[in-house]
Amino acid sequence: MQIYTNDDVRPGAIAGQRIAIIGYGSQGRAHAQNLRESGHDVIVGVRAGGRGWSHAQSDGLATTEPAEAVKGADIIAVLTPDMAQADIYRDTIAPNAKKGAALMFAHGFSIHYGRIAPRADLDVILVAPKGPGDLVRREYARGRGVPTLFAVERDVTGKARDRAMGYAKGIGGATGGLIETSFREETETDLFGEQAVLCGGAKE
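My aim in this report is to walk through the structure given alongside it, one point at a time.

1. Let's talk about the nonpolar core
Grouped burial of nonpolar side chains is what soluble globular proteins tend to show.
Next up, step 1: Core analysis: the biggest nonpolar cluster contains 32 residues, and Ile21, Val44, Met104, Tyr167 and Leu178 have the highest contact counts within it.
Next up, step 2: Elements represented by at least two residues in this core include exactly strand E1 (18–22), helix H1 (26–37), strand E2 (41–45), helix H2 (51–58), strand E4 (75–78), strand E5 (102–105), strand E6 (123–129) and helix H7 (160–170).
Next up, step 3: A per-element tally of this core places H7 first, with five residues.
Next up, step 4: With 25 residues, the next largest nonpolar core counts Ile43, Val78, Ile88 and Leu149 among its residues.

Encoded structure:
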């Protein structure tokens, strides 16, 4: 198994690309702050007046409604709960995403199980830190990082893998170590870990 580090990420892989963070929960908050501090152009898409809006603004991040955040974004990070992603994609992302943008997920569930069928002109990538958002943030602030999985489901632009690795580096994942995988493998192993181990399905 190969583990990639910062030295393996192409310099400037996502330089100048606008990143829309859709959702400002545990992962969204960590990703947005880490990416901004890594020098990237970040905008947070959340509902005006909601808790995420208040948190993003108090953190000093550019904040707008999700549809506006998607317009013009080069990378659209879908960091809402799995159950909400299909509706958000249909109503907000699909009508507004520009051609050649990358649709990025931190968990492969919606793609692997066909809940979302992305437009044919979008890259589809995965960047999945192996830890909760608060840990992703804390480790980055310490100059370290959480080991992170990345995958490419569809590469329309020829830049999807660079985008995934560049994004992962931006949140500190390449400092912790990057492992290449697939949407299927990430989804199934993550669900097994949650359901069979954390929730007690597997016992000694």
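2. Things to note about the packing of aromatic side chains
Next up, step 1: The final tally for this structure, using the stated rule, is three aromatic pairs.
Next up, step 2: Ring geometry for tyrosine 4 versus phenylalanine 150: centroids 5.9 Å apart, planes at 70 degrees, classification edge-to-face. Of the two residues, tyrosine 4 is situated in the segment before E1 and phenylalanine 150 in strand E7 (residues 148–154); the sequence distance between them amounts to 146 residues.
Next up, step 3: With a relative accessible area of 12%, tyrosine 4 lands in the buried category.
Next up, step 4: Here phenylalanine 150 falls in the buried class, since its relative accessible area comes to 0%.
Next up, step 5: Summarising the aromatic geometry, the rings of phenylalanine 105 and phenylalanine 183 are spaced 6.5 Å apart at their centres and angled 75 degrees between planes, so their arrangement reads as edge-to-face. Of this pair, phenylalanine 105 sits in strand E5 while phenylalanine 183 sits in helix H9 (residues 183–198), and the two are 78 residues apart along the sequence.
Next up, step 6: Positioned above the aromatic ring of tyrosine 4 is the side chain of arginine 161, whose terminal nitrogen or guanidinium carbon lies 5.3 Å from the ring centre.

3. A short note on the pairing of E4
Next up, step 1: Neither face of E4 is open: one carries Ile75 and Ala77, the other Ile76 and Val78, and all of them are buried.
Next up, step 2: Examined bridge by bridge, E1 and E4 share four bridges and lie parallel to one another. Looking at the pairing, alanine 20 lines up with isoleucine 76 of E4.
Next up, step 3: Pairing analysis gives four bridges linking E4 to E5, with the strands arranged parallel. Paired with isoleucine 76 across the strands is leucine 103, a residue of E5.
Next up, step 4: At this point the chain moves from E4, through helix H4 (residues 82–93), to the parallel E5, and the crossover so formed is right-handed.

4. A few points about the pattern of salt bridges
Next up, step 1: If you walk through the whole model with that rule in mind, you get 15 salt bridges.
Next up, step 2: For aspartate 123, the salt bridge identified is with arginine 163, shortest N-O distance 2.9 Å. Taken together, the residues span a long stretch of sequence, with aspartate 123 in strand E6 and arginine 163 in helix H7 at a distance of 40 residues.
Next up, step 3: Two residues, arginine 142 and glutamate 139, come together in a salt bridge whose shortest N-O distance is 2.9 Å.
Next up, step 4: Within the structure, one salt-bridge network assembled from shared partners comprises Asp87, Arg90 and Asp91.

So, how was this worked out
Residues numbered from 1 in each chain as written. Predicted model: local features only at pLDDT ≥ 70, side-chain atom pairs only at ≥ 80, totals over all residues. Heavy atoms only, no water. Core = buried A, V, L, I, M, F, W, Y, C linked by side-chain atoms within 4.5 Å. Buried < 20%, exposed > 50% of the residue type's maximum accessible area, 1.4 Å probe, protein only. Helix = DSSP H or I, 4+ residues; strand = E, 2+ residues; numbered from the N terminus. Phe/Tyr/Trp six-rings, centres within 6.5 Å; stacked < 30°, edge-to-face > 60°. Lys NZ or Arg CZ within 6 Å of the ring centre and 35° of its normal. Pairing = 2+ DSSP bridges. Right-handed = clockwise from strand over helix to strand, strands pointing away. Salt bridge = Lys/Arg side-chain N within 4 Å of Asp/Glu carboxyl O.

Everything listed here is a matter of geometry and, on its own, says nothing about what the molecule does.
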